[in-house]
Amino acid sequence: MRKGREAEPHGVRKGREAGRARSRSRVPLRRSLLGRLLGVSALVAACSVAATAWLAVQTTSGAIRQEQGRNLTADARIYDTLLGYAARNPTWNGVDATVRKLAEESGRRIALTTQSRQPLADSATAEVPPPLPPQASAVVDPLSVDAVLAARSTEGQGTAADRIDPRAVGPFLLPAAERTELRQLAERHAACLNRSGIAADVVVGPSGRPRIQMVGSVPERALSTKCESIGLNAPTRTERKALDALNGLADACLKRQGREGVRLDQNLFWGEDIAVTRPGQLPYPVPSDARAARPAPVAEAPREFTGEDDRAIASCVGTARSEQLGSYVASPALLFIGDEGGATVPGFDLSPANTAKIAGAAALVLALTVGASVLAGARLVRPLHALTGAAQRMRDGEASASVPVSGDDEIARLAAAFNDMSAHRARLEEQRRAMVSDVAHELRTPLSNIRGWLEAAQDGLADPDPAFVSSLLEEAVQLQHIIDDLQDLAAADAGVLRLHPEPVRLGELLGQVAAAHQARADTAEVTLRVEAADGRMPEVAADPVRLRQAVGNLVSNAVRHTPPGGTVTLRAYGGGGGADARSGSDSGAGDGSEGGSGSDSPTGHGSEGGSGAGSPPGGDVVIEVADTGTGIPAEDLPYVFDRFWRAEKSRSRRTGGSGLGLAIVRKLAEAHGGTAGATSTEGEGSVFVIRLPGRAPTP
């Protein structure tokens, strides 16, 4: 071993030593768990204090501003309703009814005045209304909407930066005839999309123009259909007239700035994708049957726009829209919202004293948080350091490293689990080494015998008579049994063990197993018998070959470890029935060696599992193999199903077997969806149990 280490490459050894040095060095505070815990705690405390202070200030200020009428968050519907009225009417005449209705619904006083504070409408019921506050709650102007207060609609024709209310359409308002025509086109297009499997509906905008809204579908899917929407997307005569007028106003604004005019499309966009048209040409799509009669647009070289050009054009388009819509909407008005009595609440200001109090409270909370985090973090990190050191010792080759366990919290449970893992790892390492030695021994013995006999025959020292051939065959069969057992375990571990389940009567199966082992039992002077619980034998869905193999292993093991004059009993019960309660004194089975299929097992039965006493729960079926052998020591019972494990360390197959039989029993039981277990009383015997999901018992 030492030689092997010295033979390691220099780079590997150097890297390993560097890794150990890093693992033993202390983690920097900024990267350690304690540092992160402190940082997170301080951050959470700071955010909590800041959020609490901000929320208190905002809540108090918001309540006061709402009482004053300056906060219209809760009154956005009032503002939006009046804004819509102004967008659809050229004057404020007749707004009194709308104002009074809104006042009744909200319980607030609502007043509208001109910008010179001349009354337009007031919901106050007193003969002499209280004076209005010096500051208006908002300005109702459909051409300059307050983006914070307004419930903006997506129906408008403006750009994303446009502050004109979308309900202010002015000359773009369609007459009844054009509305009817477009509505029919839209309904036909929507019906076509619905027939194509695209959910679509018709939505009418403020100007009366319908549009298709697809529900839960990707708009690009409509392009793959044969549903034409050219007529629906083309501007009407009214829209063309209004668009030409708007284009003229925008071009005039641009020419005043010394810039070239632009051509706006129906959505008020401009750019290189918009075809520049000459007189007599149409800047909009036309039906296919009309294209032949109209001259096609002549596309000129695309014009490049700089950022400054775009800003100037957007400004001129906005100015042109305001100029065009000015005569169609109501003039700006001041909106006042307050209570009926006109009372006001003084404004709230965060004074220096209050600021100092908040800062002091924040500092105190932070200090307490950091102190508590240090204490909690130190207690949390200390056992983690111990776990890290133990893990590093295990990595460096220490067989078993454990850490102290104190308390019953999550860290203590982690430490206990680590200790269990460490002990289990050490046990597995021992079993691995023992298994390698056992496999080599078990394979070497028959191979050595075969080689010795063959060499003797080659040298003329032995005659190849029938006894000679029989001896070689026996050794070969023994070798084949060991290989078959290892193959079965490997298949079970890999989850590729094939089963062919079918209904199996356990009475018949136990009888077959007993008959197969009767000769061996007679030779060992052991009584082998089969019992039925209450005269009934259950039925189970299982692979009969594999189940016979598992039960045969248990019977072979029990016969081997039961002294002359003893008894091995096979029982089966379950499926709602059951046997009388049995205790460990009723059980036997010796020393836990496994058998069957040529693989005997370790001395000692038993494992995790019940004793098989009483009726199995949930309709399970239980198969018991009980013997009156020497029993298994309590400290050996948990390990009897481990591979190549023996309570007696003898390598003789006559006394200890190969150590694979019980491991195969457990794997076969698990492959059937069941479990295998055992109980034992030392000096009285053992009971091995296979518990399987059962069928109803049959007489």
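Scroll up for the structure.
A. Summary view of the overall build of the chain. Looking only at helices and strands, one finds 17 helices and 13 strands in the chain. Here the chain holds 699 residues, and the buried ones make up 39% of them. Counting only contacts in the chain whose residues sit at least 6 apart along the sequence, the fraction spanning at least 24 positions is 74%. Carbon and sulfur atoms make up 55% of the accessible area of the chain, which totals about 38100 Å².

B. Seen up close, helix H4 (residues 76-88). For H4, built from 13 residues, the straight-helix expectation of 18 Å at 1.5 Å per residue is met to within 8% by its first-to-last C-alpha distance of 18 Å. All buried positions along H4 are accounted for by Ile78, Tyr79, Asp80, Leu82, Leu83, Gly84, Tyr85, Ala86 and Ala87. Check the buried side of H4 and you find it contacts helix H5 (96-106), strand E1 (109-113), strand E3 (138-140) and strand E6 (333-338).

C. Just the sheet that holds strand E8 (residues 527-532), in detail. Read across the open sheet, the 5 strands follow the order E8-E10-E11-E13-E12; overall the sheet is mixed. Bordering the open sheet on either side are E8 and strand E12 (675-681), each of which pairs with just one other strand. If you compare each strand with its neighbour and ignore which way they point, the axes differ by 15° on average. Lying over the sheet, helix H14 (residues 506-516) contacts E8, strand E10 (567-574) and strand E11 (620-627), oriented at roughly 165° with respect to E10.

D. Here's a closer look at the packing of H14 against helix H16 (residues 544-560). Following both chains from N to C, one finds H14 and H16 inclined at 50°, their axes separated by 10 Å at the closest point. Comparing their axes, H16 and H14 come out oblique. Crossing hand, H14 versus H16: right-handed. Mapping the contact onto sequence places Leu506, Leu509, Leu510, Gln512 and Val513 in H14 and Pro544, Leu547, Arg548, Val551, Gly552 and Val555 in H16.

E. Structural detail: the nonpolar core. By size, the foremost hydrophobic cluster in this structure holds 45 residues, and its most contacted members are Leu547, Val551, Leu570 and Ile690. Top element by residues in this core is H16. It accounts for 7 residues. Listed in part, the 21 residues of the second largest apolar core include Tyr85, Val99, Ala121 and Val145.

F. Seen up close, the packing of aromatic side chains. Scanning the model with the defined rule gives 2 aromatic pairs in all. Residues Tyr85 and Trp92 carry aromatic rings whose centres are separated by 6.0 Å and whose planes lie at 15° to one another, so their mutual orientation is stacked. Using a relative accessible area of 7% as the deciding quantity, one classes Trp92 as buried. Relative to Phe688, the ring of Phe641 lies with its centre 6.1 Å away and its plane at 70°, an arrangement referred to as edge-to-face. Here the residue Phe641 occupies a position in the loop between E11 and helix H17 (661-671), and Phe688 occupies one in strand E13 (residues 685-693), the gap between them amounting to 47 residues. With respect to class, Phe641 is no different from Phe688; both count as buried.

G. Local environment of the state of the cysteines. One pass over the full model with this rule turns up 1 disulfide. The disulfide partner of Cys253 is Cys316, and the S-S distance across this bridge is 2.2 Å. Taking the sign of the torsion about the S-S bond as the criterion, the disulfide between Cys253 and Cys316, at about -65°, is left-handed. Separated by 63 residues along the polypeptide, Cys253 in helix H8 (residues 237-256) and Cys316 in helix H10 (residues 307-325) bring together distant segments of the chain. Look at Cys316 and you get buried, because its relative accessible area is 0%.

H. Focus on the sheet that holds strand E2 (residues 119-122). Spatial ordering of the open sheet is given by E2-E1-E6-E3, a layout of 4 strands whose pairing is antiparallel. Looking along the sheet, the strands with just one partner apiece sit at the ends: E2 and E3. On average, adjacent strands in this sheet sit at an angle of 25° to one another, irrespective of strand direction. Alignment of E1 against E6, held across 5 bridges, turns out to be antiparallel. Residue Thr113 lies in a different strand from E6, and its bridge partner there is Leu334. Each of E1, E3 and E6 touches H4; the most contacted strand, E3, lies at about 25° to it. Together, E1 and E2 form the strand contacts of H5, whose direction differs from that of E1 by roughly 155°.

I. Structural view of the pattern of salt bridges. Overall, the coordinates contain 13 salt bridges when judged by the stated rule. Across the salt bridge formed by Asp122 and Arg109, the nearest N and O atoms sit 2.9 Å from each other. One end of the pair, Asp122, is in strand E2; the other, Arg109, is in strand E1, with 13 residues separating them in the sequence. A relative accessible area of 5% places Arg109 in the buried class. With a shortest N-O distance of 3.1 Å, Arg571 and Glu531 are connected by a salt bridge. Taken as a pair, Arg571 in strand E10 and Glu531 in strand E8 lie far apart in primary sequence, 40 residues in all. Owing to a relative accessible area of 6%, Arg571 belongs among the buried residues under this scheme. Using a relative accessible area of 29% as the deciding quantity, one classes Glu531 as partly exposed. In this structure, a network of salt bridges that share partners links the residues Arg529, Glu531, Arg571 and Glu624.

Reading the values: the criteria
- Here the residue numbering is sequential within each chain, running from 1 through the sequence in written order.
- Where local features are concerned, this predicted model is filtered to residues with pLDDT of at least 70; where side-chain atom pairs are given and counted, the filter is 80 or more; whole-chain, interface and lining totals use all residues.
- Each side-chain value is derived from all of the structure's non-hydrogen atoms; neither hydrogens nor water enter the calculation.
- Where helices and strands are cited, they refer to DSSP runs of H or I of at least four residues and of E of at least two residues respectively, numbered from the N terminus.
- When accessible area is computed with a 1.4 Å probe and restricted to protein chains, residues below 20% of their type maximum are described as buried, those above 50% as exposed, and intermediate ones as partly exposed.
- In this analysis, two residues are considered to be in contact whenever any of their non-hydrogen atoms come within 4.5 Å of each other.
- Here, Shrake-Rupley sampling with a 1.4 Å probe gives the accessible areas, and only protein chains in the shown set may cover a residue.
- Helices are assigned an expected span. That span is 1.5 Å times one less than the residue count.
- For two strands to be treated as a pair, DSSP must find at least two bridges joining them.
- For every element, the axis is a line fit to its C-alpha atoms; helices are fit only across the contacting stretch, and the angle between N-to-C directions ranges from 0 to 180 degrees.
- Roughly parallel here means an angle under 35 degrees, roughly antiparallel means over 145, roughly perpendicular means 65 to 115, and every remaining angle is called oblique.
- The handedness criterion is simple: a crossing whose near helix is rotated anticlockwise from the far helix by less than a right angle is left-handed, and one whose near helix is rotated clockwise is right-handed.
- Take the buried residues of types Ala, Val, Leu, Ile, Met, Phe, Trp, Tyr and Cys, join any two whose side-chain atoms come within 4.5 Å, and each joined set is a nonpolar core.
- Here a pair means two rings of Phe, Tyr or Trp (six-membered ring of Trp) with centres within 6.5 Å. Their orientation is stacked below 30 degrees between planes, edge-to-face above 60, and tilted elsewhere.
- Pairs of cysteine sulfur atoms within 2.5 Å are identified as disulfides in what follows.
- Should a side-chain nitrogen of Lys or Arg be within 4 Å of a carboxyl oxygen of Asp or Glu, the pair is scored as a salt bridge.

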